[in-house]
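Now for the letters of each chain:
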Amino acid sequence: VFPGGNYDKNQDASLQMTAIRETFEESGLLLASPASAIPDGTVMEAARHAIHSQKRTFATFLEEHKLEADVDALLPFTEWITPIEAPRYVGTTNFNLFRTSNAYHAPLTFHEQLGDVDGGQEVISARFLTPAAWLSEFRQGKITFMPPQYYILHTLAGLASRAQVAELAHGNFGKMVMNPRRLPGSLSADGSSGILTYEGDETRGGSKGRLHRAQCTFTKRGITTKIELQRNFDIFTEIERLEELSKL
């Protein structure tokens, strides 16, 4: 659902390039133009393996085939920082991309090109579903999500058009930096449920009565089984100034 990986200073000129390179490595989808310059499936597969194993750079591959990465097709859709109690600090920048845009190129069918570029360490299967369908599978217990994934899919499922996605991406919502914090006293006695608060919640610098939080339920192994997002403000018009959202 969410191809991704680490920024590599030897490979990437920007986080957008990281997203495009990792998407190519993990799924075989090449977000580049022009379409007429996209090489055949054999060349693409060989390049994926070489780039993933650090035997060549993504930039060299693009240059060789006179391709330009479609960085402008990526729509920023919030940044996330690990909770303070997490064992290590990780920051994640999320982007959306419309699958049928000119940036989507694949000389093979998706399942033919998925392949096994890393020996099954990262991606072993993949599907394209709507946000609502993914949420349904989560609620049925067929798959699991981390709270950031649920938050993004929940948001996308509530939008009526691509224009709305773009509007959010280019507004304050797309720029939000989310640093989940556990609400004091919310963790159940057995540790199976708790509440994560997000920027702008009334306990995190937001106005009184503003809720921006998620009620989460976990298994004993820490796997998320249920998430209920509580967000009682309009994400188009009622996101407070970013300075306020960053208050803890």
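Here, every reference points to the structure presented above.
Residues numbered from 1 in each chain as written. Predicted model: local features only at pLDDT ≥ 70, side-chain atom pairs only at ≥ 80, totals over all residues. Heavy atoms only, no water.

Caption draft 1: Structural detail: the overall build of the protein chain. Check the secondary structure of the protein chain and you find nine helices and nine strands. Of all intrachain contacts in the protein chain linking residues separated by at least 6 positions in sequence, the fraction that spans at least 24 positions is 55%. As displayed, the protein chain has an accessible area near 13,500 Å², and 53% of this comes from carbon and sulfur atoms. (Helix = DSSP H or I, 4+ residues; strand = E, 2+ residues; numbered from the N terminus. Contact = heavy atoms within 4.5 Å. Areas by Shrake-Rupley, 256 points an atom, 1.4 Å probe, with all protein chains shown as cover.)

Caption draft 2: Broad picture of the sheet that holds strand β4 (residues 91-96). Taken together, the three strands give an open sheet; going across it, the order is β4-β3-β5, and neighbouring strands pair in mixed fashion. In the strand order of this sheet, the two ends are held by β4 and β5 (177-178), each with one partner. Bridge count between strand β3 (residues 75-81) and β4: five bridges; the pairing is antiparallel. Each residue of the ladder has a partner; that of E79, found in β4, is T93. Against the sheet, helix α6 (residues 147-157) touches β3, β4 and β5, its axis set at about 150° to β3. Here helix α7 (residues 162-169) sits on the sheet in contact with β3 and β4, set at roughly 50° to β3. (Pairing = 2+ DSSP bridges. Axes fitted to C-alpha atoms, helices over the stretch in contact; angles between N-to-C directions.)

Caption draft 3: Expanded view of the environment of F173. Among the secondary structure elements, F173 is positioned in helix α8 (residues 172-175). Put simply, F173 and P76 are 97 residues apart on the chain and 9.0 Å apart in space, counted from C-alpha to C-alpha. Those residues in contact with F173 that sit more than four places away from it in its chain are F77, T78, Y151, T155, L168, R231, I235 and I239.

Caption draft 4: Inspection of helix α2 (residues 41-52) at higher detail. Between its first and last C-alpha, α2 extends 16 Å over 12 residues, near the 16 Å set by a 1.5 Å rise per residue. When α2 is considered as a whole, its buried residues turn out to be G41, M44, A47, R48, A50 and I51. In the stretch just after α2, Q54 is the one whose phi turns positive, near 65°. (Expected span 1.5 Å × (residues − 1). Buried < 20%, exposed > 50% of the residue type's maximum accessible area, 1.4 Å probe, protein only.)

Caption draft 5: Geometry of helix α5 (residues 131-139). Residues of α5 that are buried include every one of W134, L135, E137 and F138, and no others. Down the axis of α5, the sector holding all buried residues measures 160°, keeping them to one side. The inward-facing, buried residues of α5 contact α6 and β9 (224-231). Looking one or two residues beyond α5, the residue adopting positive phi is G141, at roughly 80°. (Arc of directions from axis to C-beta.)

Caption draft 6: Summary view of the sheet that holds strand β6 (residues 181-182). As summarised here, the arrangement of the four strands in space is β6-β7-β8-β9, forming an open sheet in which the pairing is antiparallel. Looking at which strands have only one partner, the edges of the open sheet turn out to be β6 and β9. As paired strands, β6 and strand β7 (residues 193-197) are joined by two bridges and run antiparallel to one another. Each bridged residue has a counterpart across the sheet, and for R182 the counterpart in β7 is L196.

Caption draft 7: Unusual backbone geometry, seen in detail. Of note, the bond from S33 into P34 is cis; its omega dihedral lies within 30 degrees of zero at 0°. The backbone of Q54 sits at a positive phi, close to 65°, despite the residue not being glycine. Summarising the element assignment, Q54 is placed in the loop between α2 and α3 (58-64). Q54 gets classed as partly exposed once you look at its relative accessible area, which sits at 47%. For K66, which is not glycine, the phi dihedral falls at a positive 55°.

Caption draft 8: A look at the nonpolar core. Ranked by size, the top nonpolar core spans 28 residues in total, and within it F77, Y150, Y151, F173 and Y198 carry the most contacts. Secondary-structure elements contributing two or more residues to this core are β3, α5, α6, α7, β8 (212-218) and β9. Sorting elements by how many residues they give to this core places α6 first, with five residues. Other than its neighbours up to four places away in sequence, Y151 contacts W80, F173, M176, M178, Y198, H212, L229 and R231. Core analysis: the next-biggest nonpolar cluster, separate from the first, contains 16 residues, F24, F58, F61 and L74 among them. (Core = buried A, V, L, I, M, F, W, Y, C linked by side-chain atoms within 4.5 Å.)

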